[in-house]
Amino acid sequence: QDLADFWNELIARRGSPPKVWCQQRAVTVGEKGRPITIAALAWRICGSAIIKNNRLWVLDWVHEDCHGCVPGKSTDNFHALQVSAILCAISEKLAYVQAHIDNSKCHDRVNPYQGLECLTQVGLPDELCHLIGDFYKAREVFVSVESAYHPTTLQPTNGILQGCPWSMVLLLIIMSCW
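Every value quoted in this text rests on a predicted model; they were computed, and no experiment measured them.

1. Describing the sheet that holds strand β4 (residues 148-149)
Sheet strands pair via backbone hydrogen bonds, and the direction of the pair is either parallel or antiparallel.
So, step 1. Pairing is mixed in the open sheet, where four strands are placed in the order β2-β1-β3-β4. Each edge of the sheet is formed by a strand with only one pairing partner; in this case those strands are β2 (34-38) and β4.
So, step 2. Relative to β2, strand β1 (residues 23-29) runs antiparallel, the two sharing five bridges. Among the inter-strand pairings, A26 is bridged to a residue of β2, identified as T37.

2. Examining the confidence of the model for the chain
So, step 1. Residue-level pLDDT values for the chain average 87, and 97% of them are 70 or greater.
So, step 2. Ranking the elements of the chain by mean pLDDT puts β2 last, at 77, and helix α6 (residues 112-121) first, at 95.

3. Concerning empty space enclosed by the protein
In this approach the atoms are scanned with a rolling probe the size of a water molecule, which exposes any empty space left behind.
So, step 1. Taken as a whole, this structure holds one cavity of 30 Å³ or more when the rule is applied.
So, step 2. Within this model, the largest cavity holds a volume of roughly 30 Å³.
So, step 3. Lining the largest cavity we find P112, Y113, Y136, R139, P156, T157, N158 and G159.
So, step 4. For the lining of the largest cavity, the residue count by class is four nonpolar, three polar and one charged.

4. Digging into the side chain of T37
So, step 1. Tracing the chain through its elements places T37 in strand β2.
So, step 2. Discounting residues that sit within four places of it in the chain, T37 has contacts with Q24, R25, A26, R139, V141, L161, Q162 and G163.

5. Some remarks on the pattern of salt bridges
So, step 1. Here the structure, examined in full by the defined rule, presents two salt bridges.
So, step 2. Across the pair E9 and R13 runs a salt bridge, and its minimum N-O distance is 3.5 Å.
So, step 3. A relative accessible area of 45% places E9 in the partly exposed class.
So, step 4. In this structure, the salt-bridge partner of E140 is K19, at a minimum N-O distance of 3.9 Å. Here E140, found in strand β3 (residues 140-145), pairs with K19, found in the loop between α1 (2-12) and β1; they are 121 residues apart in sequence, far enough to count as distant.
So, step 5. On the basis of relative accessibility, which here comes to 15%, the residue E140 falls in the buried class.

6. Quick look at the environment of C177
So, step 1. Here C177 is to be found in helix α8 (residues 165-177).
So, step 2. For the pair formed by C177 and H63, sequence separation is 114 residues and the distance between their alpha carbons is 7.9 Å.

7. Describing the packing of α1 against helix α2 (residues 41-53)
So, step 1. The interhelical angle for the contact between α1 and α2, taken along N-to-C directions, is 75 degrees, at an axis separation of 11 Å. Classed by the angle they form, the pair α1 and α2 counts as roughly perpendicular. Counting all contacts with α1, which are made through L3, W7 and I11, the residues of α2 involved are A42, W43, I45, C46, G47 and I50.
So, step 2. Looking at the contact of α1 with α2, its residues break down into eight nonpolar, one polar and no charged.

8. Examining the packing of α1 against helix α7 (residues 126-137)
So, step 1. Packing of α1 against α7 brings their axes to within 8 Å, and their N-to-C directions diverge by 105 degrees. By the angle class used here, α1 and α7 are roughly perpendicular. Of α7, the residues touching α1 (which contributes W7, L10 and I11) are E127, L128 and L131.
So, step 2. For the contact of α1 with α7, the residue count by class is five nonpolar, no polar and one charged.

9. Looking at the pairing of β3
So, step 1. Inspection of the sheet shows β1 paired to β3 by four bridges, in the parallel sense. Along β3, the bridge assignment pairs R25 with F142.
So, step 2. Note that β3 and β4 share two bridges and pair antiparallel. Looking across to β4, one finds that V145 is bridged to A148.

Definitions and limits used
Residues numbered from 1 in each chain as written. Predicted model: local features only at pLDDT ≥ 70, side-chain atom pairs only at ≥ 80, totals over all residues. Heavy atoms only, no water. Pairing = 2+ DSSP bridges. Helix = DSSP H or I, 4+ residues; strand = E, 2+ residues; numbered from the N terminus. pLDDT = per-residue confidence, 0-100. 1 Å grid on protein atoms, 1.4 Å probe; cavity = no way out; pocket = protein on both sides within 12 Å on 5 of 7 lines; lining within 4 Å. Points joined across faces, edges and corners; volume = space filled by probe spheres on them. Nonpolar A, V, L, I, M, F, W, Y, C, P; charged D, E, K, R; others polar. Contact = heavy atoms within 4.5 Å. Salt bridge = Lys/Arg side-chain N within 4 Å of Asp/Glu carboxyl O. Buried < 20%, exposed > 50% of the residue type's maximum accessible area, 1.4 Å probe, protein only. Axes fitted to C-alpha atoms, helices over the stretch in contact; angles between N-to-C directions. Parallel < 35°, antiparallel > 145°, perpendicular 65-115°, else oblique.

Now the structure itself:
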C-alpha cells in the first residue's frame, strides 16, 4: 500500500520519479551481444498496474492490425491469421504476397516523447505523461558487457526500454498513428 500511495502522490503533484528509479543497467544478451536495459522494479510494478487496469482504454485507440501486447491479440493470433491466408490462397490457387517489416532495434529508435504526445491525444492524463516523460529524461544507464563495466553512466536521448511497462504502450500508439 505504501508504494501505491507514493505512486499516486507522484502523479497527483506532477512529481518526478526518484533518481534510483531512473537508473538502469544495460546488459548484453545473445550471440550478437544485443543490449537490453531493464527499469527499476518499483517503476515496473506501478506502471504495469496502471496499464493492466486500463486495458480497455488501449483497445479504444489501438489499430486493428497491431498484435502483441494487445489484449486478445497476441503474436500467435497474427501468425494463425497469416497461415490461414496462405492455406486459403493455396486451396483457391490464388497468388499470395506477404511482406515482413524487420523491426530489429525498434526499441532503440522509438522516440518516447513522440509516443507521449500521441497518448495525450487519446486521453492519457497530463500528470501521468509528465511522470513518464521525466522518467525518460532522467535515465542513467550503467553499461556492462560480460564482467566489464563502463566507468560512467550514459544518458540516452532516444529509445524506449524493453524492461519498461510503458514501452509497448508507447510503441503501440506510434504504430497506430502510422
